[in-house]
Amino acid sequence: MASPCLSFLLLLLLLLLLLQQSCSVFSRRSTNAYIVYMGERPHDEPELIKETHHEILTNLLGSKEAAKESILYHYKHGFSGFAAVLTASQAKVIAGFHGVVRVVPNTILSIQTTRSWDFLHVNSHSGNGILSKSGSGCGSIIGIIDTGIWPESESFRDKGMGKIPSRWRGKCKEGDQFNRSNCNRKIIGARWYIKGYEADFGKLDPSGGVEFLSPRDAVGHGTHTASIAAGALVENASFRGLARGSARGGAPSAHLAVYKVCWATGGCSSVDVLAALDDAVVDGVDVLSVSLGSSPPLNAYFDDALAIGSFHAVAKGISVVCSAGNSGPSPQTVINTAPWVISVAASTIDRAFPTVITLGNNRTFVGQALYTGKNVNKFYSFVYGEDIFSSDSDEDSARSCDTGSLNATLAKGNVVLCFQTRYQRFTTTAITTVQRVGGVGLVFAKSPSKDVTPSTRIPCIEVDLITGTSLLTYMASTRPDIAAPGVGILAAWSPAASSLTTDQMTQKELPLDNFKIESGTSMACPHVSGIVALLNSMHPTWTPAAIKSALITTATVKDEYGLDAVAEGAPYKQADPFDYGGGEVDPNKAMNPGLIYDMGMKDYLHFLCSMGYNSSAILLISNSPCPKSRNRVLNLNLPSIIIPNLKKSLAVSRTVTNVGPEESVYTANVQAPPGTNVRVEPWILSFNSTIKKMKFKVFFCSQKRVLGRYSFGHLLWENGFHAVRIPLIVGTITADLL
């Protein structure tokens, strides 16, 4: 039986400029709380900034008392602004006040839902690897904005941790079942934010035991992401016996700063998220890991609290890593695409838990499962869902085991075969349906995917559609043998989030989970956060843009077997940059990228000006106006080139900085997107002690005469040791359309 671990990798997601999107939410508009964003701080006196905020509110509301009662937060460290409870008409009035950039309604964001580090070759066995050369992230501080943390987890013990950096100015904020002793040299800070949440939903009552008014994690998500990024080594970790092995974070010597903004009873308030981002700037974090956001349709950058807060964090030299959402594989579902953040998609690695299905003729098929219950080594009759539909349902619904679709008499005691359909795609729905009618097991045929749904109620094996069809040819006496399963990322978990789990086969309460397997871009995001912490330890002078460039230009587009990566889901296809961005991250190559595509705040401001943002607003957020001659959006110095509407020909410029040997010569190697001619000038770049930066142009010429879809290629700069790769993405249109 195959064992080791299946985990969830991460992929660097290419910043798709024309697909402006955020991170993943069940977005709900607030009617009470508003963010009043005022841009760059006019000075470094936080108390004077607070007084300015009070004056503005006093002028609006008529008294200082009303102003103090209305205000929720002062944003005064990374930027100037405040959150307050206002009526819609008051919000409209204050938007016209001098010095106000934008008034943004509160939005409720949602979270995105260990062997992976060995899969990425981030281990201590290699003396030349990134883990060894970076000191395992020693001295770096990773801020986790999430659901809090379970401090008693073994992943957060501080044995062997170095001293808390002298630059640290954060706090260990006490609350329900959390005091200062819960912080240590691993968890060096912990804060919690609830004012924005309560402005929307009213006072949170923790008496039911489902939440803690403190940094303590009642959900498990924040504990999971924190341990992925910087958890200590824990031997013999497993999820109910599955994926047993050593669990650790990517930067195990890095410190953690925890900012709890998400609550078990209803998501994460953007007002609270912005307060956490503002505090993180003054606290002294090096990296911010944010596995949350909002779903399409996405807001403009000035209306997106996460984009606003991350903009000012990056301005202070803090790298911000966000999850890219879980809405794929459909096109244009990427979120958090602001060019100043690192947006991360998710991929799989080499952990799998095959499960054997044995038919009555001894023929076997292999699927995957995540089940640890008993009574699985027995023979059962096999029935097809379509054949046992209930009297108040139909064959189509029963084929996918939709809710209430199965006949209980015919399903009881049997293993049921169901197929994913257009209208019922979820394994969890089928599990519930089969369990409710007394079925003892489920085989669910679906589009190929390495992501497996866990089941604690009945054994559930997921197979691909071809295997499912083969099983249909032998339904008379099929007898499945359900064995060891699994998929996902193993990491620390909050026992409070698993206290009510019961084994439905035995009706016995399961032990509390200290580790759990999870999947999603939430799990991918802290992987990159951990890698960024390692790079920050090695290259403390690199900008966030330089670190992002190093990750993207050294990424691979091959799988672990050297084959082209494929995109899971329907249709099952060869992956392209819209699926993986720059590719799958390669941490050891990222520490020595050769060339980087660097940027600073001036570049981001030019980008915003080119996007058509108001010049007076730009002046407020940066203290500098838009330039008279505005650079095109296409010339933003990103480590990718995307041309959405190539009519005939176009030239795009980029600048690279040499961070390798002083005397270096690079030659361009182009794989042009099909239907497009591409040339690079100059095609040779020569660096020396005085020439460290060089500019080049890429010329595109469309050969298509009809409206085309996006096509993909790449540009490589090679010097015999380094291969600096960026994707080329071109969408063509006919001349008559523009």
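Let me sum up the structure you'll find in this document. This structure is a prediction, so every number in the text was calculated from the model and none was measured. (Residues numbered from 1 in each chain as written. Predicted model: local features only at pLDDT ≥ 70, side-chain atom pairs only at ≥ 80, totals over all residues. Heavy atoms only, no water.)

Across the 10 residues of helix α15 (residues 544-553), 10 count as buried, placing the element largely inside the fold. Every buried residue of α15 is listed here: P544, A545, A546, I547, K548, S549, A550, L551, I552 and T553. (Buried < 20%, exposed > 50% of the residue type's maximum accessible area, 1.4 Å probe, protein only. Helix = DSSP H or I, 4+ residues; strand = E, 2+ residues; numbered from the N terminus.)

Before going further, it helps to spend a moment on the packing of aromatic side chains. Considering all chains together, one arrives at 14 aromatic pairs under this definition. When the centroid spacing of 6.3 Å and the interplanar angle of 55° are considered together, the rings of Y73 and Y193 count as tilted. Each member of the pair, Y73 as well as Y193, carries the same accessibility label: buried. Aromatic rings pair up to connect Y37, Y73, Y75, F79 and Y193 into one cluster. Residue placement shows R216 over the ring face of W150; its charged tip is 4.5 Å from the ring centre. Just above the ring of F699 sits the side chain of R679; from NZ or CZ to the centre is 4.1 Å. (Phe/Tyr/Trp six-rings, centres within 6.5 Å; stacked < 30°, edge-to-face > 60°. Lys NZ or Arg CZ within 6 Å of the ring centre and 35° of its normal.)

On to unusual backbone geometry. Cis peptide bonds are those with omega within 30 degrees of zero, and the linkage from E681 to P682 qualifies with -10°. Mapped onto the elements, P682 comes out in the loop between β34 (676-681) and β35 (684-687). Positive phi, normally seen in glycine, also occurs at Q177, with a value near 50°. The topology assignment puts Q177 in the loop between β6 (141-146) and β7 (187-192). For Q177, a relative accessible area of 57% corresponds to the exposed category. If you check the backbone angles, C401 has positive phi at about 55° while not being a glycine. Mapped onto the fold, C401 is located in the loop between α10 (395-399) and α11 (408-411).

Okay, the nonpolar core next. Counting 64 residues, the largest nonpolar core has W340 and L608 as its most contacted members. Examining the composition of this core, we find that eight residues originate from one element, helix α8 (residues 270-283), more than from any other. With near-sequence residues (within four places) excluded, L608 lies in contact with Y301, F302, F311, W340, Y613, I618 and I621. Counting residues in each nonpolar core, the second largest holds 36 residues, with V287, I342, C525 and L535 among its members. (Core = buried A, V, L, I, M, F, W, Y, C linked by side-chain atoms within 4.5 Å. Contact = heavy atoms within 4.5 Å.)

Attention now goes to the pattern of salt bridges. Using the criterion set out here, one finds 16 salt bridges in the structure. A salt bridge links E386 to R399, with the nearest nitrogen and oxygen atoms 2.6 Å apart. Taken together, the residues span a long stretch of sequence, with E386 in the loop between β19 (382-384) and α10 and R399 in helix α10 at a distance of 13 residues. E662 is the salt-bridge partner of K692, the closest N and O atoms lying 3.8 Å from each other. Residue K692 is found in the loop between β35 and β36 (693-702), and its partner E662 is found in the loop between β32 (649-658) and β33 (664-671); the two are separated by 30 residues along the sequence. Taking the relative accessible area as the measure of exposure, E662 reaches 43% and is therefore partly exposed. Overlapping salt bridges bring together R191, D279 and D283 as one network. (Salt bridge = Lys/Arg side-chain N within 4 Å of Asp/Glu carboxyl O.)

Enumeration over the complete set of coordinates arrives at four disulfides. In this model, C262 is linked to C268 through a disulfide, with the two sulfur atoms separated by 2.1 Å. Handedness of the C262-C268 disulfide follows from its S-S torsion of about 105°: it is right-handed. Classification of C262 by relative accessible area gives buried; the value is 2%. Residue C268 is classed as buried on the basis of its relative accessible area of 1%. Two residues share a disulfide in this structure: C609 and C626, whose sulfurs sit 2.0 Å from each other. Across the S-S bond of C609 and C626 the torsion is about -90°, and the bridge reads as left-handed. You can see C609 sitting in helix α18 (residues 601-610) and its partner C626 sitting in the loop between α19 (615-622) and β31 (641-646), a full 17 residues away along the chain. For the pair shown, C609 and C626 are each scored as buried. (Disulfide = S-S within 2.5 Å.)

The next subject is a nonpolar patch on the surface. A cluster of nonpolar residues, V665, W683 and I684, forms a patch on the protein surface that exposes about 300 Å² of accessible area. With respect to the helices and strands, I684 occurs in strand β35. (Patch = residues over 30% accessible without salt bridge, like charges linked within 9 Å, V, L, I, M, F, W, Y side chains within 5 Å. Areas by Shrake-Rupley, 256 points an atom, 1.4 Å probe, with all protein chains shown as cover.)

A few words now on the layout of surface pockets. The computed volume of the second largest pocket comes to approximately 540 Å³. Lining the second largest pocket are 21 residues, and of these Y73, K76, R191, Y193 and D279 sit closest to its centre. (1 Å grid on protein atoms, 1.4 Å probe; cavity = no way out; pocket = protein on both sides within 12 Å on 5 of 7 lines; lining within 4 Å. Points joined across faces, edges and corners; volume = space filled by probe spheres on them.)

On to the sheet that holds β32, then. One open sheet holds the four strands; their spatial order is β30-β32-β36-β34, and the pairing between them is antiparallel. Pairing within the sheet leaves two strands with one partner each, and these edge strands are β30 (595-596) and β34. As judged from the six bridges shared by β34 and β36, these two strands associate in the antiparallel manner. Looking at the pairing, N677 lines up with C701 of β36. (Pairing = 2+ DSSP bridges.)

On to the sheet that holds β33. Reading across from one edge, β31-β38-β37-β33-β35 is the order of the five strands in this open sheet, with mixed pairing throughout. Of all strands in the sheet, those with a lone pairing partner are β31 and β35, marking the two edges. When the angles between neighbouring strand axes are averaged without regard to direction, this sheet yields 20°. Relative to β35, β33 runs antiparallel, the two being bridged by four bridges. Across the sheet, residue Y666 finds its bridge partner in β35, namely L685. (Axes fitted to C-alpha atoms, helices over the stretch in contact; angles between N-to-C directions.)

Before going further, it helps to spend a moment on the environment of A275. With respect to the helices and strands, the residue A275 is situated in helix α8. Here A275 falls in the buried class, since its relative accessible area comes to 5%. Counting along the chain gives 83 residues from A275 to W192, while the straight-line C-alpha distance between them is 9.8 Å. Sequence-distant contacts of A275, defined by excluding residues within four places in its chain, comprise Y73, Y75 and Y193.

Next up on the list: the packing of α8 against helix α9 (residues 305-315). The interhelical angle for the contact between α8 and α9, taken along N-to-C directions, is 5°, at an axis separation of 9 Å. With respect to each other, α8 and α9 are oriented roughly parallel. For the pair α8 and α9, the contacting residues are S270, V273, L274, L277 and V281 in the first and A305, L306, I308, G309, S310 and A313 in the second. Grouping the amino acids of the contact of α8 with α9 by side-chain chemistry returns eight nonpolar, three polar and no charged. (Parallel < 35°, antiparallel > 145°, perpendicular 65-115°, else oblique. Nonpolar A, V, L, I, M, F, W, Y, C, P; charged D, E, K, R; others polar.)

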